[in-house]
Amino acid sequence: MVTTNPLLKREESFSGTAVESMNLNGTVNKTGILLLICMATAAFGWVTPELHGGLLFVPVLGGFVLSLVAIFKPATSPFVAPLYAALEGLALGAISAMFNARYPGIAANAVLLTFSVLGLFLFLYATRIVRVTSGMKVAIIAATGGICVVYVIDMFLGVFGHGVPFIHSSGPMGIGISIFICAIAAFNFFLDFDAIEGFIRSGSPKYMEWY
């Protein structure tokens, strides 16, 4: 199984003969708990002006550190995952409020579209309308990597006052590129769903439900 999500790329390290293995219901329940934590702290981040400035780096940096802890020490996930969800919520809430202040309504649209796409792709995967093949995995990972390279180049050129043409424009070409990038990002959901199924099939330990 292949996925671009760094937390899901190391399946071979977690399979084994655990006394109690992860299952789909447990994974869904843990995901729901983490989502509720994230939503609660996002609401706090939204209404806390102090996080809309320099203090924003605290949850961002804290979340990054915790993600590294989880990657290299998966057994800590039952403790690390809730903390990570809380810090991620603070960051998302604050960043959303900042963007919403400049572009009113954009945050609600982004949240609605995100959950709509997630629900649609989960339905397509669960009903096997779309099947994750090795060719699909290679194509999605290659496209995701290419997009990443383009944005790294754009950030580098930005230092010198330039940028990659069209990716920040509001014209037809810029909109088309943005739609393509969003589509590739959404297709990564399929890789994550497939990776989670792989963890379950391989009998990964119970703590992997939090991971």
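For the structure, see preceding data.
The rules behind these values
Residues numbered from 1 in each chain as written. Predicted model: local features only at pLDDT ≥ 70, side-chain atom pairs only at ≥ 80, totals over all residues. Heavy atoms only, no water. Helix = DSSP H or I, 4+ residues; strand = E, 2+ residues; numbered from the N terminus. Rg over C-alpha atoms; globule rule 2.2 N^0.38 Å. Contact = heavy atoms within 4.5 Å. Core = buried A, V, L, I, M, F, W, Y, C linked by side-chain atoms within 4.5 Å. Buried < 20%, exposed > 50% of the residue type's maximum accessible area, 1.4 Å probe, protein only. Phe/Tyr/Trp six-rings, centres within 6.5 Å; stacked < 30°, edge-to-face > 60°. Lys NZ or Arg CZ within 6 Å of the ring centre and 35° of its normal. Salt bridge = Lys/Arg side-chain N within 4 Å of Asp/Glu carboxyl O. Axes fitted to C-alpha atoms, helices over the stretch in contact; angles between N-to-C directions. Parallel < 35°, antiparallel > 145°, perpendicular 65-115°, else oblique. Left-handed = near helix turned anticlockwise from the far one by under 90°. Nonpolar A, V, L, I, M, F, W, Y, C, P; charged D, E, K, R; others polar.

Comments concerning the overall build of the chain
Consideration 1: Secondary structure summary: the chain contains six helices and zero strands in total.
Consideration 2: When the helices and strands of the chain are placed in sequence order, the string is α-α-α-α-α-α.
Consideration 3: In terms of C-alpha radius of gyration, the chain reaches 19 Å, essentially the compact-globule figure of 17 Å for 211 residues.
Consideration 4: Each of the three principal axes of the chain carries a C-alpha extent, and together these read 55 × 40 × 30 Å.
Consideration 5: Counted over contacts in the chain with a minimum sequence separation of 6, partners at least 24 positions apart contribute 79%.

Here's the deal with the nonpolar core
Consideration 1: One finds Phe121, Leu124, Tyr125, Val130, Val132, Met136, Ile140, Ala186, Phe190, Leu191 and Phe193 forming the largest nonpolar core, which totals 11 residues.
Consideration 2: Contributions of two or more residues to this core are made by helix H4 (106–126), helix H5 (134–158) and helix H6 (172–201).
Consideration 3: Sorting elements by how many residues they give to this core places H6 first, with four residues.
Consideration 4: One finds Leu56, Leu90, Ala91 and Ala94 within the second-largest nonpolar core, a separate group that totals five residues.

Some remarks on the packing of aromatic side chains
Consideration 1: Summed over the entire model, instances satisfying the criterion amount to six aromatic pairs.
Consideration 2: Judged by centre distance (4.8 Å) and plane angle (25°), the ring pair of Phe121 and Phe190 falls under stacked. Residue Phe121 is found in helix H4, and its partner Phe190 is found in helix H6; the two are separated by 69 residues along the sequence.
Consideration 3: Exposure remark for Phe121: the relative accessible area of 10% places this residue in the buried category.
Consideration 4: Take Phe190: its relative accessible area is 0%, and that puts it in the buried class.
Consideration 5: One aromatic cluster in this structure is built from Phe121, Phe187 and Phe190.
Consideration 6: The aromatic ring of Tyr125 is capped on one face by Arg128, whose charged end is 4.8 Å from the ring centroid.

Observations regarding the pattern of salt bridges
Consideration 1: Across all of its chains, the model carries six salt bridges by this definition.
Consideration 2: A salt bridge links Lys206 to Glu20; the nearest nitrogen and oxygen atoms lie 3.8 Å apart. Highlighted residues: Lys206 in the segment after H6 and Glu20 in the segment before helix H1 (24–46), separated in sequence by 186 residues.
Consideration 3: Residue classification places Lys206 among the partly exposed positions, given a relative accessible area of 27%.

Quick look at the environment of Gly158
Consideration 1: Secondary-structure assignment places Gly158 in helix H5.
Consideration 2: Overall, the relative accessible area of 43% leaves Gly158 in the partly exposed class.
Consideration 3: Separated by 28 residues in sequence, Gly158 and Val130 place their C-alpha atoms 39 Å apart.

Brief notes about the side chain of Thr41
Consideration 1: Its location among the elements puts Thr41 in helix H1.
Consideration 2: Once residues lying within four places of it in the same chain are set aside, the contact partners of Thr41 are Ala85, Ala86, Gly89 and Leu90.

Looking at the packing of helix H2 (residues 57–72) against helix H3 (residues 77–102)
Packed helices, taken two at a time, are described by their axes: the angle between them and the distance between them.
Consideration 1: Running from N to C, H2 and H3 cross one another at 155°; their axes reach a closest spacing of 9 Å. In terms of orientation, H2 and H3 fall into the roughly antiparallel class. Along this stretch, H2 crosses H3, giving a crossing that reads as left-handed. Of the residues in H3, those touching H2 at Pro59, Val60, Gly62, Gly63, Leu66, Ser67, Val69 and Ala70 are Val80, Leu83, Tyr84, Leu87, Leu90 and Ala91.
Consideration 2: Here the contact of H2 with H3 is composed, by residue class, of 11 nonpolar, three polar and no charged.

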